[in-house]
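Each chain, letter by letter, is given below.
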Amino acid sequence: MNIGFVTHDFYAADGTGGYAVELVNRLARNHDVTLYAASIRSPVAEGVTVIRVPAVGASAYTRILTFPAGFASVRRKHDVVHAQGWVTRYADVVTTHIVLAAWRDAARRAGVRSRPGERWLGGYVTARERDLFRRARVVIAPSKRAATDVARFYGRTRDVFVVHHGFPPARNLPPRRSARLGLGLPPDAFVALYAGDARKGLDRAISAVSRAPGVHLLVVSRSESTTYLENAKSLGVSDRVHWAGGLDDILPAYSAADVLLHPTIYDTFAMVVAEAMAYGVPVILTRDAGIADLVTDRASGWIAGSDISDIVAGLLILKEDRSLRERVALAGQKVASGRTWDDVVSETVAVYRKDVR
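Residues numbered from 1 in each chain as written. Predicted model: local features only at pLDDT ≥ 70, side-chain atom pairs only at ≥ 80, totals over all residues. Heavy atoms only, no water.

## Some details on the environment of Trp341
Relative to the helices and strands, Trp341 is located in helix 13 (residues 341–355). For the pair Trp341 and Glu224, spaced 117 residues apart in sequence, the C-alpha to C-alpha distance is 32 Å. Not counting residues within four places of it along the chain, the set of residues in contact with Trp341 comprises Tyr19, Glu22, Leu23, Arg26, His165, Gly166, Phe167 and Met271. (Helix = DSSP H or I, 4+ residues; strand = E, 2+ residues; numbered from the N terminus. Contact = heavy atoms within 4.5 Å.)

Written out as structure tokens, the structure reads:
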């Protein structure tokens, strides 16, 4: 099969870019693959044809806005064109890594202030994304939540297939004591890890920690820190919130953590939860994370309700019950080992074959 795979970035450390890396390099084993991307920062498998898309990259939104025209200028003919979100006016298959209308709705309800580009151009991009989802022959959603959002916000219910993301393979983490020393954490404290975009749930995580005596919060995020650290100070927990910023290597953070705390307001999947489960870190999440499809509450993870008190309960119960943490961690690793990226590729190709005419 001749596949055109289209993504803004081909980069393993990025959510959508990481999905592209996993699929493209595996698809190339058995198919003729052309990768279209504006930025390539991860190795590309031998045999993949690479075409750079001319897009203006001064900011996230300039790249988003200029990429479709850039792709159109270099696009070739393929059996299947697989788009990662709104990267073109038309594609045979589109994977929804975000339903922008759903994210904007969740952010509004949670009182999250949008970034300037999103405030000015979010409505325009949402309309273009909606048009793409309606035109595509097939839509791939990484969770039931994403499929529901596609139906609710974009009116698309036909030929929408749920293909959950894969989990990374288990990895040996560095020793906990050295990891905590390197991150400036107390050696014997109970540490919850928050990793990723702070807008999705860091305020909720800080609030929960403020009500959970003895719990420390390690924050790994490239988000701007001032507002969140001020919130921690106002709640009297600035001494228990440790801001590590963006880490090129996140493995020490997983090693240092007793639990992953991910009280997200919106995620079509949540790869950070998948990583934590694969690496043996117990997870606390909400049903607003699409990966909740694959988690059994109180067994392979703690699925909290929307109320902060439920998140606090998860923290305190797992803090006090080490044997429960170990059982949850082992069950999470079992889930992770049962869902590989090879599985994702097989299911994705099956979706392609439904579309090939």
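## A short note on the packing of aromatic side chains
The relation between two aromatic rings is expressed through the spacing of the ring centres and the mutual angle of the planes. Following the criterion strictly, the structure yields seven aromatic pairs and no others. Ring plane angle 25° and centroid distance 6.3 Å describe the contact between Tyr228 and Trp243, whose orientation is recorded as stacked. One end of the pair, Tyr228, is in helix 8 (residues 226–234); the other, Trp243, is in strand 10 (residues 241–245), with 15 residues separating them in the sequence. Note that Arg128 overlies the ring of Tyr124, its terminal NZ or CZ placed 4.7 Å from the centroid. Positioned above the aromatic ring of Trp302, the side-chain terminus of Arg298 is 3.5 Å from the ring centre. (Phe/Tyr/Trp six-rings, centres within 6.5 Å; stacked < 30°, edge-to-face > 60°. Lys NZ or Arg CZ within 6 Å of the ring centre and 35° of its normal.)

## Here's the deal with helix 10 (residues 271–278)
Burial within helix 10 is extensive, with six of its eight residues counted as buried. Looking at helix 10, one finds that the buried residues are Val272, Val273, Ala274, Ala276, Met277 and Ala278. On its buried side, helix 10 packs onto strand 8 (190–195), helix 9 (251–256), strand 11 (259–262), strand 12 (283–286) and helix 12 (322–337). After helix 10 finishes, the residue Gly280 shows a positive phi value of roughly 80°. (Buried < 20%, exposed > 50% of the residue type's maximum accessible area, 1.4 Å probe, protein only.)

## Focus on the sheet that holds strand 1 (residues 2–10)
Overall, parallel pairing links the seven strands, which are arranged 3-2-1-4-5-6-7 in an open sheet. Here the strands that pair on one side only, and so sit at the sheet edges, are strand 3 (49–52) and strand 7 (160–162). Between one strand axis and the next, the sheet turns through 20° on average, direction left out of account. Running at roughly 150° to strand 1, helix 1 (residues 15–27) makes contact with strand 1, strand 2 (32–40), strand 4 (80–84), strand 5 (93–95) and strand 6 (138–141) of the sheet. (Pairing = 2+ DSSP bridges. Axes fitted to C-alpha atoms, helices over the stretch in contact; angles between N-to-C directions.)

## As for the sheet that holds strand 12
With respect to topology, six strands assemble into an open sheet ordered 10-9-8-11-12-13, the strand pairing being parallel. Sheet topology places strand 10 and strand 13 (302–304) at the edges, where each strand pairs with a single neighbour. Adjacent strand axes in the sheet meet at a mean angle of 25°, parallel and antiparallel pairs treated alike. Where strand 8 lies against strand 11, two bridges are found, and the strand directions are parallel. Opposite Ala192, over in strand 11, you have Val259 as the bridge partner. Strand contacts of helix 11 (residues 308–320): strand 8, strand 9 (215–220), strand 11, strand 12 and strand 13, with the helix running at about 155° to strand 13, the strand carrying the most contacts.

## Observations concerning the pattern of salt bridges
Tallied over the full model, the rule gives 23 salt bridges. With a closest N to O distance of 3.0 Å, Asp197 and Arg199 form a salt bridge. A salt bridge links Lys319 to Glu320; the nearest nitrogen and oxygen atoms lie 3.0 Å apart. Given a relative accessible area of 24%, Lys319 falls into the partly exposed group. Take Glu320: its relative accessible area is 60%, and that puts it in the exposed class. Put simply, Glu22, Arg26, Arg29 and Asp342 are held in one network by salt bridges that share partners. (Salt bridge = Lys/Arg side-chain N within 4 Å of Asp/Glu carboxyl O.)

## Section: the pairing of strand 8
Of all six residues in strand 8, six are buried; the element is thus mostly enclosed. Of the two faces of strand 8, the one carrying Phe190, Ala192 and Tyr194 and the one carrying Val191, Leu193 and Ala195 are both buried. Pairing between strand 8 and strand 9: six bridges, direction parallel. Along strand 9, the bridge assignment pairs Leu193 with Leu218. For the crossover from strand 8 across helix 7 (residues 202–210) to strand 9, the handedness is right-handed. (Right-handed = clockwise from strand over helix to strand, strands pointing away.)

## Looking at the layout of surface pockets
Roughly 500 Å³ of volume is contained in the second largest pocket. Surrounding the second largest pocket, 25 residues form its lining, Arg176, Ser255, Ala257, Asp258 and Gly280 being those nearest its centre. Counting residues per element, the ones that place at least two in the lining of the second largest pocket are helix 6 (176–183), helix 9 and helix 12. For the lining of the second largest pocket, the element with the highest residue contribution is helix 12, accounting for five residues. Among the residues forming the lining of the second largest pocket, the class breakdown is twelve nonpolar, four polar and nine charged. (1 Å grid on protein atoms, 1.4 Å probe; cavity = no way out; pocket = protein on both sides within 12 Å on 5 of 7 lines; lining within 4 Å. Points joined across faces, edges and corners; volume = space filled by probe spheres on them. Nonpolar A, V, L, I, M, F, W, Y, C, P; charged D, E, K, R; others polar.)

## Digging into unusual backbone geometry
Even without being a glycine, Ala270 presents a positive backbone phi close to 100°. Note on placement: Ala270 falls in the loop between strand 11 and helix 10.

## Observations regarding the nonpolar core
Within the largest apolar cluster, 33 residues are counted, with the highest numbers of intra-cluster contacts made by Leu193, Tyr254, Leu260, Val273, Leu285 and Ile291. Of all elements in the fold, only strand 8, strand 9, helix 9, helix 10 and strand 12 reach the threshold of two or more residues within this core. Looking at this core element by element, the count peaks at six residues for helix 10. Ignoring sequence-local partners within four residues, the contact set of Leu260 consists of Leu193, Val272, Val273, Ala276, Val281, Pro282, Val283 and Ile284. Residues Phe67, Val81, Ala106 and Ala107 belong to the second largest nonpolar core, which totals 31 residues. (Core = buried A, V, L, I, M, F, W, Y, C linked by side-chain atoms within 4.5 Å.)

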